[in-house]
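Coordinate analysis (summary)
This is what each chain is made of:
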Amino acid sequence: MSEGSVSAHLARLVLAAVHDSGADPARFADRPDLAPEVLADDLARVSTGTMNALWEQLISAGRGSAVGALVVESSALGSLGAWDYMFAAGANLLETTERVIAYLPAVGDPAAERAALLPDGDRRILRHSSGAAVPEVVEAVEVFAVALYLRRMREAARRPVLPLRMTFRQQAPKDPRALYTALGTRDIDFGAPDTAITFRDNDLRAPLPESQPGLGALLTRHADLTLAAARPVAQWIDAFRIALAAAAEQDAASLSGVAHRLALSPRTLQRRLEDNATSWRRELDRLRSQREMALLRDTALPVSSVAVRLGYSDARAYRRAVQRRHGSVPSLLREG
């Protein structure tokens, strides 16, 4: 249920950074999952598409992928909910980091974010990868994740937790000083196969100063309940598809007509579709395919009538189109 979405906690944090960057808030005013009542609901889930758009806005403000580390600087303990406190809810960082990774979906998109804590002799390697679509966003999110792990681990241990090595898949930025400052180290390798932090195993096994027995189990139960009750908000793309279907029913499925229904300019509509990894033509084809299947399988209309309702000049033109798209004929689509 949480796939394709992130927690409202994370959305609030990144949106606050967007506002601090001086970006025009009106740019995101038409996104239903960023409405104030949604962001105030800790059970709400914000779409990954919306989050990617927020990250793109931050990157375009001129700070590049290092902005991920800068967002962490403003993330006070607890800003990401119960997940934040898991870092300190155990005997040592080895135990708590494994729990944090297991419950990463409580914060991020389980379909996009992956993490693992792997043994390597007397070391442990914490890897994180993001599946965001845009390379610049992938870089920013991976920097954010690594910086966040480090900050929360240091807060839990109440001491410097120094990595032996840090690697990033991205190439080195033109000016890495902001990244060095945010991460507290210059020992960073860029262009590596993985984004990862390497620790001494003994460093992660050192007792935490304020470990509370039973707190870890309490937080995991809370996370389980939160994930089970999570409410992904209806997305902008859903509103668009409803408007497109309504326009098509009235034979008015034009770009300008649907844009008017959504109180957008045609160019803004196209940009919103791009933000959602689709296009006007793709959505039009998707709707036509859905209507085609419904007419063929749910009605007894002759093929000539189906062709007219789908906007073809005649049955012959429709049959040719079906052959191109499906390698079949309407009668077989109806049967299958």
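Residues numbered from 1 in each chain as written. Predicted model: local features only at pLDDT ≥ 70, side-chain atom pairs only at ≥ 80, totals over all residues. Heavy atoms only, no water.

1. With respect to the pairing of strand E7 (residues 196-200)
So the rule is basically this: When accessible area is computed with a 1.4 Å probe and restricted to protein chains, residues below 20% of their type maximum are described as buried, those above 50% as exposed, and intermediate ones as partly exposed. By definition, any uninterrupted DSSP run of H or I lasting at least four residues is a helix, any uninterrupted run of E lasting at least two residues is a strand, and each is numbered from the N terminus. By the convention used here, strands pair only if DSSP detects at least 2 bridges between them.
Counted residue by residue, E7 has 4 buried out of 5 residues, so it is predominantly covered. Where strand E4 (residues 123-130) and E7 come together, 5 bridges link them in antiparallel fashion. Bridge pairing links Arg124 to Phe199 in E7. Inspection of the sheet shows strand E5 (residues 165-168) paired to E7 by 3 bridges, in the antiparallel sense. By the bridge assignment for E7, Met166 is matched with Ile197.

2. Comments concerning the sheet that holds strand E3 (residues 113-120)
Put simply, the rule is: An axis is simply a line fitted to the C-alpha atoms; with a helix, the fit covers only the stretch in contact. Between two such axes, the angle follows the N-to-C directions and lies from 0 to 180 degrees. Residue contacts follow a heavy-atom distance rule, with two residues in contact if any of their heavy atoms lie within 4.5 Å.
In spatial order, the strands read E3-E4-E7-E5-E6; together these 5 strands make up an open sheet with mixed pairing. Whereas interior strands pair on both sides, the edge strands pair on one side only; in this sheet they are E3 and strand E6 (188-190). Each strand axis lies, on average, 15 degrees off the axis of its neighbour in the sheet, ignoring direction. Against the sheet, helix H6 (residues 93-102) engages E3 and E4, with an angle of about 150 degrees to E3. Of the strands in this sheet, E3, E4, E5 and E7 touch helix H7 (residues 135-157), which is tilted by about 140 degrees from E4.

3. Considering the side chain of Arg272
Along the chain, Arg272 falls in helix H13 (residues 266-275). Residue class for Arg272 comes out buried when judged on its relative accessible area of 4%. With residues near it in sequence (within four places) discarded, Arg272 still touches Arg27, Asp30, Arg31, Trp236 and Leu264.

4. Observations concerning unusual backbone geometry
In this structure, Arg158 takes a positive phi of about 55 degrees despite not being glycine. With respect to the helices and strands, the residue Arg158 is situated in the loop between H7 and E5. For Arg158, a relative accessible area of 56% translates into the label exposed. Unusually for a residue other than glycine, Ala277 sits at a positive phi of about 60 degrees. In this structure Ala277 comes out as exposed when scored by relative accessible area, which is 60%.

5. Quick notes on the packing of aromatic side chains
This is how it is decided: Two aromatic rings, drawn from Phe, Tyr or Trp (for Trp, its six-membered ring), form a pair once their centres lie within 6.5 Å of each other, and the interplanar angle then sorts them: stacked below 30 degrees, edge-to-face above 60, tilted otherwise. In this analysis the charged atom, NZ for Lys or CZ for Arg, is taken to sit over a ring once it is within 6 Å of the ring centre and within 35 degrees of the ring normal.
Scanning the entire structure with this criterion turns up 5 aromatic pairs. Taking 6.3 Å as the distance between ring centres and 70 degrees as the angle between the ring planes, the aromatic pair formed by Phe240 and Trp280 counts as edge-to-face. With Phe240 in helix H11 (residues 236-249) and Trp280 in helix H14 (residues 280-298), this pair connects stretches of sequence that are 40 residues apart. Across this residue pair, the class does not change: Phe240 and Trp280 are buried. One Lys or Arg, Arg288, reaches over the ring of Tyr312 and ends 4.8 Å from the middle of that ring.

6. Some thoughts on the sheet that holds strand E1 (residues 5-7)
Strand pairs in the sheet, formed through backbone hydrogen bonds, run parallel or antiparallel to each other. Within the open sheet, the 3 strands sit side by side as E1-E2-E8. Their pairing is mixed. Each edge of the open sheet is held by one strand with a lone partner, namely E1 and strand E8 (231-232). Set on the sheet, helix H1 (residues 8-20) makes contact with E1 and strand E2 (44-47); between it and E1 the angle comes to about 85 degrees.

7. Observations regarding the packing of H6 against H7
Counted only if it meets this: An angle counts as roughly parallel when it lies under 35 degrees, as roughly antiparallel when it exceeds 145, as roughly perpendicular when it falls between 65 and 115, and as oblique in every other case. Helix crossings fall into two classes, left-handed where the near helix is turned counterclockwise from the far one by less than a right angle and right-handed where it is turned clockwise. Ten residue types, Ala, Val, Leu, Ile, Met, Phe, Trp, Tyr, Cys and Pro, are classed as nonpolar, four, Asp, Glu, Lys and Arg, as charged, and the remainder, Gly among them, as polar.
Contact geometry of H6 with H7 gives a least axis separation of 11 Å together with a crossing angle of 140 degrees. By the angle between their axes, H6 is oblique relative to H7. Crossing geometry of H6 relative to H7 is assigned as right-handed. Across from Leu93, Thr97 and Val100 in H6, the residues of H7 making contact are Tyr149, Met153, Ala156 and Ala157. Grouping the amino acids of the contact of H6 with H7 by side-chain chemistry returns 6 nonpolar, 1 polar and no charged.

8. Looking at H13
Heads up, the condition is: The directions from the helix axis to the C-beta atoms are what the arc is built from.
Within the sequence span of H13, burial applies to Thr268, Leu269, Arg272 and Leu273. Looking straight down H13, one finds its buried side chains confined to an arc of 140 degrees; they lie on one side. At its buried positions, H13 is contacted by H11, helix H12 (255-261) and H14. Two residues or fewer past H13, Ala277 is found with a positive phi of approximately 60 degrees.

9. Thoughts on the pattern of salt bridges
Once their charged atoms are close, side chains differing in charge can pair, the charge on each being opposite to the other. Note the cut-off: A carboxyl oxygen of Asp or Glu within 4 Å of a side-chain nitrogen of Lys or Arg is what we treat as a salt bridge.
According to the stated counting rule, one finds 16 salt bridges in the structure shown. One salt bridge connects Asp189 with Arg165, and the closest N-O pair in it is separated by 2.9 Å. Highlighted residues: Asp189 in strand E6 and Arg165 in strand E5, separated in sequence by 24 residues. Here the salt bridges share partners, and the residues they tie into one network are Asp84, Arg151, Arg152 and Glu155.

10. Observations concerning the nonpolar core
One recurring pattern in soluble globular proteins: nonpolar side chains tend to sit buried together. Put simply, the test is: Only buried Ala, Val, Leu, Ile, Met, Phe, Trp, Tyr and Cys residues count toward a nonpolar core, and they belong to the same one when joined by side-chain atoms within 4.5 Å.
The biggest cluster of nonpolar side chains holds 66 residues, and the ones touching the most others in it are Met51, Trp55, Trp83 and Tyr149. For this core, the element with the highest residue contribution is H7, accounting for 14 residues. When residues no more than four places from it in sequence are discounted, the contact partners of Met51 are Val6, Leu10, Ala11, Val14 and Val46. Formed by 16 residues, the second largest nonpolar core is a distinct cluster that contains Trp236, Ile237, Val258 and Leu264.

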